[in-house]
Amino acid sequence: MRLIMLTSRTKAILTIPTRTSPRSLSTLSRKPNPYPNFSFSIVSRRELVSSQSSWSFLQRSPGFAVSKCVSSISSSAASTVEWNDAVTGSEIGGVVGLEEEDEINETSTTSIPVRAYFFSTSVDLRSLVEQNKQNFIPPSSRMTNYVVLRFGDLKPDPNGLGSSLGGNDCCYMVVFQYGSIVLFNVRDHEVDGYLKIVERHSSGLLPEMRKDEYEVREKPTLSTWMQGGLDYIMLQYLNIDGIRTIGSVLGQSIALDYYVRQVDGMVAEFTDINRGMEKTGTFTMERKKLFQLVGKANSNLADVILKLGLFERSDIAWKDAKYAQIWEYLRDEFELTQRFASLDFKLKFVEHNIRFLQEILQNRKSDFLEWLIIILIGAEILISVYDIAHKSSITSL
């Protein structure tokens, strides 16, 4: 006898040895099987029929029992089956209920978009807070290089967390003094409006704005506090401390990207100079231009270390191990340490070239002064000879 059971995910084919007449199970078996052979197979198959059809058969046949199997079901192939103890139709219904529960857990995940921007080198945080006092959230640590603004009402969290961002219409904006802006839960068409709020208090606007995107997923049923993924991080819940921690790393990352590109420009400029020297044997850079490059390299390094605070650990991460885990994971995800090491290596290359070109300019200046001294000495000798000749001619008269 062959029994075919269909659920929303799998197709189960059950073959049972029987000598009962075909009439007793006319709807399930085509003919009696004289040989004692029992087999059970499970084939993955999506969207064949709803699980209610198989469950209705078990309800009509309460005395029917099948052997339970423990298997790993793949989504593309049949699975190996190992037999265990007997299970009734009600327990099979429990398996269906677990599948439905998994689907509910998948749909319970909330996605929160995160966008980081960098379009200026400085923001006046004091004036920004003065004009947005109603949205300002007081700091929870001694860090003073950023502020957090909240727009909209934060609804109570149904899971009892009290301050979870998932399922709320409110959004957060983290603004850093060195020019980075990180937006949480802001829709695409609303981004420009929030950026204009900060632009009024910014200085050193850049000709091109830099942008980066990330995602935070909330899943209250997550077995661990956090879980990383490709371009996202999954948390049990996202509160204000999580926003501060994530925002600090993303703000540093987008700003570091700007400074790396600045140094790349200097490296490219010195590369062109070296290629020109290779062809002509000389270079025509002015001393003023070289000093400008020296100042630009030093200011970039100072900004990365001092303004960005790249090596300063977040105060929230110091106090709570959960946020330290987020902080360390994101720094590793965005490769902040490796990117700074690459930046430092490029700056050393620039410094080496600057020192070399300074020596060349200094030698040029020394050569000029030496020739000037020689000319002056020669002029003095000529004047002395003329004076001696002039006096001797007078005495002879």
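Before reading further, recall that the structure is shown in the block above.
Residues numbered from 1 in each chain as written. Predicted model: local features only at pLDDT ≥ 70, side-chain atom pairs only at ≥ 80, totals over all residues. Heavy atoms only, no water.

Asker: Explain helix α9 (residues 336-396) residue by residue, including any values.
Answerer: Taking 1.5 Å per residue as the helical rise, α9 with its 61 residues ought to reach 90 Å, and the 89 Å between its terminal C-alpha atoms agrees with that figure. Buried within α9 we find Leu336, Phe340, Leu343, Leu347, Val350, Asn353, Ile354, Leu357, Ile360 and Leu361. At its buried positions, α9 is contacted by α5 (240-280), α6 (287-307) and α8 (321-333). (Helix = DSSP H or I, 4+ residues; strand = E, 2+ residues; numbered from the N terminus. Expected span 1.5 Å × (residues − 1). Buried < 20%, exposed > 50% of the residue type's maximum accessible area, 1.4 Å probe, protein only. Contact = heavy atoms within 4.5 Å.)

Asker: Quick rundown of the packing of aromatic side chains? Include the residues and the values.
Answerer: Given two aromatic rings, one states the distance between the centres and the angle between the planes to describe the pair. Here the structure, examined in full by the defined rule, presents ten aromatic pairs. With a centroid separation of 5.5 Å and an interplanar angle of 40 degrees, the aromatic rings of Tyr146 and Phe176 are classed as tilted. With Tyr146 in strand β8 (residues 146-151) and Phe176 in strand β9 (residues 171-176), this residue pair connects regions lying 30 residues apart in the sequence. Classification of Phe176 by relative accessible area gives buried; the value is 2%. Taking the centre distance of 4.9 Å and the plane angle of 65 degrees together, the rings of Phe151 and Tyr194 count as edge-to-face. Placement of the pair is Phe151 in strand β8 and Tyr194 in helix α4 (residues 191-199), with a sequence separation of 43 residues. Using a relative accessible area of 15% as the deciding quantity, one classes Tyr194 as buried. Among the aromatic residues, ring-to-ring pairing joins Phe118, Tyr258 and Tyr259 into one connected group. (Phe/Tyr/Trp six-rings, centres within 6.5 Å; stacked < 30°, edge-to-face > 60°.)

Asker: Lay out the nonpolar core in plain terms, naming residues and giving numbers.
Answerer: Among soluble globular proteins, nonpolar side chains are generally buried collectively. If you look at the biggest cluster of nonpolar residues, it comprises 65 residues, and the most contacted ones within it are Phe184, Ile246, Ile326 and Leu357. Per-element tally for this core: the top contributor is α5, with 16 residues. For Ile326, the contacting residues outside a window of four places in its chain are Trp225, Met226, Ile233, Leu235, Thr245 and Ile246. By size, the runner-up hydrophobic cluster in this structure holds 20 residues, among which are Tyr117, Phe119, Leu125 and Val129. (Core = buried A, V, L, I, M, F, W, Y, C linked by side-chain atoms within 4.5 Å.)

Asker: Let's hear about empty space enclosed by the protein: which residues, and what values?
Answerer: A complete count under the given rule lists three cavities of 30 Å³ or more for this structure. Each pocket or cavity is described by its volume, and for the largest cavity that value is around 170 Å³. Met143, Asn145, Ser248, Gln252 and Ser314 are, among the 17 residues lining the largest cavity, the residues nearest its centre. Taken together, the elements giving at least two residues each to the lining of the largest cavity come down to α5 and α7 (315-319). Here the lining of the largest cavity gets three residues from one element, more than from any other, and that element is α5. (1 Å grid on protein atoms, 1.4 Å probe; cavity = no way out; pocket = protein on both sides within 12 Å on 5 of 7 lines; lining within 4 Å. Points joined across faces, edges and corners; volume = space filled by probe spheres on them.)

Asker: Please set out the packing of α6 against α9 residue by residue, giving values where relevant.
Answerer: In contact at an axis separation of 10 Å, α6 and α9 are set at 155 degrees when each is read in the N-to-C sense. Put simply, α6 runs roughly antiparallel to α9. Seen from above, α6 lies across α9 with left-handed handedness. From α6, Arg287, Leu290, Phe291, Leu293, Val294, Ala297, Leu301, Val304 and Ile305 reach across to α9, where they touch Phe340, Leu343, Leu347, Val350, Ile354, Leu357, Gln358, Leu361 and Gln362. For the contact of α6 with α9, the residue count by class is 15 nonpolar, two polar and one charged. (Axes fitted to C-alpha atoms, helices over the stretch in contact; angles between N-to-C directions. Parallel < 35°, antiparallel > 145°, perpendicular 65-115°, else oblique. Left-handed = near helix turned anticlockwise from the far one by under 90°. Nonpolar A, V, L, I, M, F, W, Y, C, P; charged D, E, K, R; others polar.)

Asker: Describe a nonpolar patch on the surface, listing the residues and the values that go with them.
Answerer: A cluster of nonpolar side chains, contributed by Phe368, Leu369, Leu372 and Leu376, occupies part of the molecular surface with about 390 Å² of accessible area. Within the secondary structure layout, Phe368 lies in helix α9. According to the relative accessible area criterion, Phe368 is exposed, its value standing at 54%. (Patch = residues over 30% accessible without salt bridge, like charges linked within 9 Å, V, L, I, M, F, W, Y side chains within 5 Å. Areas by Shrake-Rupley, 256 points an atom, 1.4 Å probe, with all protein chains shown as cover. Salt bridge = Lys/Arg side-chain N within 4 Å of Asp/Glu carboxyl O.)

Asker: Give me the pairing of strand β12 (residues 226-229): which residues, what numbers.
Answerer: As paired strands, β12 and strand β13 (residues 232-235) are joined by four bridges and run antiparallel to one another. By the bridge assignment for β13, Met226 is matched with Leu235. Following β12, the chain reverses through two residues before pairing antiparallel with β13; Asp231 in that reversal takes a positive phi of roughly 65 degrees. (Pairing = 2+ DSSP bridges.)

Asker: Quick one: what's the story with the sheet that holds β12, residue by residue and with numbers?
Answerer: The eight strands are arranged β7-β8-β9-β10-β6-β11-β13-β12 in an open sheet whose pairing can be described as mixed. Each edge of the open sheet carries a strand with a single partner, namely β7 (136-137) and β12. In terms of strand pairing, β7 meets β8 through two bridges, oriented antiparallel. Counterpart to Ile137 in the pairing with β8 is Val148. Contacts between α4 and the sheet are confined to β6 (110-123), β8, β9, β10 (180-184) and β11 (202-218), with β6 contributing the most and set at about 30 degrees to the helix. Here α8 sits on the sheet in contact with β11, β12 and β13, set at roughly 10 degrees to β12.

Asker: Tell me about the packing of α5 against α8, and please be specific about residues and values.
Answerer: With their axes 10 Å apart at the nearest point, α5 and α8 run at an angle of 20 degrees to one another. Relative to α8, the element α5 is oriented roughly parallel. Two packed elements cross with a definite hand, and for α5 against α8 that hand is right-handed. On α8, the residues that touch Asp241, Gly242, Thr245, Ile246, Ser248, Val249 and Gln252 of α5 are Tyr323, Ile326, Trp327, Leu330 and Arg331. Its residues assigned to classes, the contact of α5 with α8 comprises six nonpolar, four polar and two charged.

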